[in-house]
Amino acid sequence: MEKYLINPNQKMSKICKDIYGNFSEHLGRCIYEGLFVGKDSEIPNVNGMRKDVVEALKDMGLPVLRWPGGCFADEYHWKDGIGPLENRKKMINTHWGGVTEDNSFGTHEFFELCEQLGCDPYITGNVGSGTVQEMSEWVEYMTFGGESPMANLRRQNGREEPWKLTYFAVGNENWGCGGCMDPVFYANTYRRYQTYVRNYSNDNRVYKVACGPNAEDYNWTEELMKNARWHMNGLALHYYTITHDWGHKGSATEFDEKEYYDCLAAAYKIDSIISRHLEIMNRYDPDKRVDLIVDEWGTWHDVEPGTNPGFLYQQNTMRDAIVAALSLNIFNKHSDRIRMCNIAQTINVLQSVALTDGADMVLTPTYYTFKMFKDHQENTLLGSYITSENIDTAKGKLPTLCESASIDENGVVYSTITNTSATEMKEVLCQLADTQVKSVKAEILTAKMDAFNTFDSKDAVKTAEFTDFEVTADGFKANIPACSVVKFVIER
Ligand code: AHR
């Protein structure tokens, strides 16, 4: 029997809702077809935004959406995406399949989408191929309420009031597709560009994000913190879960038990990677003023056979749902320093929460993990610990059980546990310190490791009520099935 201790007296840090963010790029069928179909589409939409997708994302509790890239951001010229549709410039999406980008989804459409979703906008500016002036004018266009060339241009395009821009990133992956810079060069470039990302009103202080490291590039973090920490609010790490290696990533749906564990262990590794980056950040910033952001994370498998390799379309199994649960539990545990995370990507690209086919939409197992975990948003993380065995894999050690617990303002405790074992149920005895438990309710997501939802079988993997537990005086005793994610809601 494994022991699980939750201490409601040990209040750790606020779990910022933005840890549950998504990322959406002009890549494959994420924006076009996935989120946006245009006003004239036969697919039900409001001002061009798909109704089914917007409803699903709202239900999931999406708090923040990142746009327009990704690699696309450092080739995107925002003025091409404003004004009358017929005048918008067509460009080649060189990174992603060489397809024509007609710019019908631009700044106004993105803010409309965020308004419909009730989420905050997170925009990435172009450093790689854009100018300081271009970035500066974009921020003026979006956020200035007075009389100015850019504010007037916005009005001319139909929007009187400025929008609220919550987060703004100065470039994306500038160590790679965003300009192949070295860290010192980027740190200096960042300082220059961010100078002109102005705050035009006290009601809209733009939160500035600097491009952070690729996975284990600790030197990047060191140089950015050394040379530019005073000018940033957040530093953005990117980490993708790859089962094998970049040359041979592996199928999203066809894998054996070894590949299942390797993939989960690769995902779990983000915990130690985050800790090492935070050690460096803490050395330069002991007051912990600069947050860590993880604005691209998730599984990256081989594309579905027969699909455009540049579109990064992959299916999503119970294994992906567990990757999401492991990652979200880890982000919760680091919520003293992590402010925002954005899974890549929302729809039809990489580890999506939904897939579309024409007018049809299917929710993925990952969607259900996000929906289960949404109760943690804005709660306070509690001190907690679970005993667990480790599984040895080619990608390092993987604990069989991984959890996090939080408390809301009414004193209700939420615990999310994942059992990574593909075969073994785990008996868990949970005790809450100084607690008399009134009631416990639970929900589960479980299936075979390679089960997934299709357009013909949409409910193969979905949440259900969980009842295989008994309430004790100070907690519960539960049988957590193999390959599952379980949420407990504990009233005291
Ligand atoms: O998410 C796909 C791509 O992965 C993004 O465009 C880029 O930032 C990263 O390399």
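Refer to the preceding data block for the structure.
Given the structure is predicted, the values throughout are model-derived calculations rather than measurements.

Student: Looking at this model, I keep getting lost on the sheet that holds strand S11 (residues 234-241). Mind explaining?
Tutor: Adjacent strands of a sheet pair through backbone hydrogen bonds, lying either parallel or antiparallel. Strands sit in the order S2-S5-S8-S9-S10-S11-S12-S13 around a closed barrel of 8 strands; the barrel is parallel. If you compare each strand with its neighbour and ignore which way they point, the axes differ by 30 degrees on average. Two strands pair when backbone bridges link them, and strand S2 (residues 21-23) and strand S5 (residues 64-67) are joined in this way by 2 bridges, in the parallel orientation. Its bridge partner being in S5, Asn22 is matched across the sheet by Leu65.

Student: Where do I start with the nonpolar core in this structure?
Tutor: The nonpolar side chains of a soluble globular protein tend to be buried with one another. Counting 124 residues, the largest nonpolar core has Phe168 and Phe331 as its most contacted members. Of all the elements, helix H9 (residues 318-333) adds the most residues to this core, at 10 residues. Apart from the residues lying within four places of it in its own chain, the contact partners of Phe331 are Ile19, Ile270, Ile274, Val294, Trp297, Ile338 and Cys341. If you look at the next biggest cluster of nonpolar residues, it comprises 24 residues, including Ile386, Ile407, Ile417 and Cys430.

Student: Quick question: what am I supposed to make of the pairing of strand S1 (residues 2-14) here?
Tutor: Each regular strand shows side chains that alternate between the opposite faces of the sheet. Sheet topology places S1 next to strand S21 (residues 426-432); 5 bridges connect them, and they run parallel. By the bridge assignment, Glu2 is partnered in S21 with Val428. Direction of pairing for S1 relative to strand S16 (residues 380-386): antiparallel, over a ladder of 6 bridges. Pairing of Asn7 across the sheet is with Gly383, part of S16.

Student: What's the story with the site of the ligand in this structure? I'm lost.
Tutor: Glu25, Cys71, Glu173, Tyr240 and Glu296 are the nearest of the 13 residues found near the ligand. Here Cys71 contributes a backbone N or O atom positioned 2.8 Å from an oxygen atom of the ligand. In the environment of the ligand, an oxygen atom lies 2.8 Å from a nitrogen or oxygen atom belonging to the side chain of Tyr240. Here the ligand has 280 Å² of accessible area as a free molecule, and 94% of this is covered by the chains.

Student: How should the packing of helix H7 (residues 257-268) against H9 be read in this particular structure?
Tutor: Think of two packed helices as two axes; the pair is described by the angle between the axes and how far apart they sit. H9 packs onto H7 with a crossing angle of 25 degrees between their chain directions and a minimal axis gap of 9 Å. As summarised for this structure, H7 and H9 are arranged roughly parallel, according to the angle between their axes. Seen from above, H7 lies across H9 with right-handed handedness. Only Arg319, Ile322, Val323, Leu326 and Ile330 of H9 make contact with H7, whose side of the interface consists of Glu259, Tyr260, Cys263, Leu264, Ala267 and Tyr268. Split into classes, the residues belonging to the contact of H7 with H9 amount to 9 nonpolar, no polar and 2 charged.

Student: Explanation requested: unusual backbone geometry in the structure shown.
Tutor: What is expected of a backbone is that most residues other than glycine have negative phi and most peptide bonds are trans. Backbone torsion omega between Gly69 and Gly70 reads 15 degrees, so that peptide bond is classified as cis. The topology assignment puts Gly70 in the loop between S5 and strand S6 (91-93). Here the bond from Ala344 into Gln345 is cis, since omega is -10 degrees, no more than 30 degrees from zero. As for its placement among the helices and strands, Gln345 is situated in the loop between strand S13 (338-344) and strand S14 (354-357). The phi angle at Lys288 is positive, at roughly 55 degrees, despite the residue not being glycine. Judged by relative accessible area, which is 39%, Lys288 ranks as partly exposed. Positive phi, normally seen in glycine, also occurs at Leu350, with a value near 50 degrees.

Student: Quick question: what am I supposed to make of the environment of Leu363 here?
Tutor: Its place among the elements puts Leu363 in strand S15 (residues 360-363). By relative accessible area, which is 18% here, Leu363 ends up buried. A sequence separation of 211 residues divides Leu363 from Asn152, and the C-alpha atoms of the two residues are 41 Å apart. With near-sequence residues (within four places) excluded, Leu363 lies in contact with Ala56, Val353, Ala354, Tyr368 and Asn453.

Student: Help me out: how do you make sense of the packing of H7 against helix H8 (residues 270-284) in this one?
Tutor: Taken N-terminus to C-terminus, the directions of H7 and H8 make an angle of 15 degrees; their axes are 5 Å apart at the nearest point. The angle between H7 and H8 falls in the class roughly parallel. Facing Ala266, Ala267 and Tyr268 of H7, the residues of H8 in contact are Ile270, Asp271 and Ser272. In terms of residue class, the contact of H7 with H8 is made up of 4 nonpolar, 1 polar and 1 charged.

Student: Explanation requested: the packing of aromatic side chains in the structure shown.
Tutor: What describes a pair of aromatic rings is the distance from one ring centre to the other and the angle between the planes of the rings. Under the counting rule described, the total for this entry stands at 31 aromatic pairs. Arranged with centres 4.5 Å apart and planes meeting at 5 degrees, the rings of Phe111 and Trp163 form a pair that is stacked. Residue Phe111 is located in helix H2 (residues 107-117), and its partner Trp163 is located in the loop between helix H4 (149-156) and strand S9 (167-170); the two are separated by 52 residues in the primary sequence. Overall, Phe111 belongs to the buried group, its relative accessible area being 3%.

Student: Would you mind going over the sheet that holds strand S23 (residues 464-465) with me for this structure?
Tutor: The 10 strands lie next to each other as S23-S22-S26-S20-S19-S16-S1-S21-S25-S24, forming an open sheet whose pairing is mixed. Lying at the two open borders of the sheet, with one neighbouring strand each, are S23 and strand S24 (469-472). Judged from the 7 bridges that link them, strand S19 (residues 401-407) and strand S20 (residues 413-419) form a sheet pairing that is antiparallel. Paired with Cys402 across the bridge in S20 is Thr418.

Student: Mind showing me how you'd approach the state of the cysteines here?
Tutor: In a disulfide, the sulfur atoms of two cysteines are held together by a covalent bond. If you walk through the whole model with that rule in mind, you get 1 disulfide. Between the sulfur of Cys71 and that of Cys177 lies a disulfide, 2.2 Å long from S to S. Judged by the torsion about the S-S bond (-85 degrees), the Cys71/Cys177 disulfide is left-handed. Separated by 106 residues along the polypeptide, Cys71 in the loop between S5 and S6 and Cys177 in the loop between S9 and helix H5 (183-195) bring together distant segments of the chain. With relative accessibility at 25%, the residue Cys177 sits in the partly exposed group. The cysteine Cys30 is free of any disulfide, with Cys114 supplying the nearest cysteine sulfur at 12 Å. A relative accessible area of 0% places Cys30 in the buried class. Among the cysteines around Cys263, which has no disulfide bond, Cys483 carries the closest sulfur, lying 11 Å off.

The rules behind the values
- Residues numbered from 1 in each chain as written.
- Predicted model: local features only at pLDDT ≥ 70, side-chain atom pairs only at ≥ 80, totals over all residues.
- Heavy atoms only, no water.
- Pairing = 2+ DSSP bridges.
- Helix = DSSP H or I, 4+ residues; strand = E, 2+ residues; numbered from the N terminus.
- Axes fitted to C-alpha atoms, helices over the stretch in contact; angles between N-to-C directions.
- Core = buried A, V, L, I, M, F, W, Y, C linked by side-chain atoms within 4.5 Å.
- Buried < 20%, exposed > 50% of the residue type's maximum accessible area, 1.4 Å probe, protein only.
- Contact = heavy atoms within 4.5 Å.
- Near = heavy atom within 4 Å.
- Polar contact = N/O pair within 3.5 Å; in protein donor to acceptor, adjacent residues only side chain to side chain.
- Areas by Shrake-Rupley, 256 points an atom, 1.4 Å probe, with all protein chains shown as cover.
- Parallel < 35°, antiparallel > 145°, perpendicular 65-115°, else oblique.
- Left-handed = near helix turned anticlockwise from the far one by under 90°.
- Nonpolar A, V, L, I, M, F, W, Y, C, P; charged D, E, K, R; others polar.
- Phe/Tyr/Trp six-rings, centres within 6.5 Å; stacked < 30°, edge-to-face > 60°.
- Disulfide = S-S within 2.5 Å.

In short, geometric facts, not functional conclusions.
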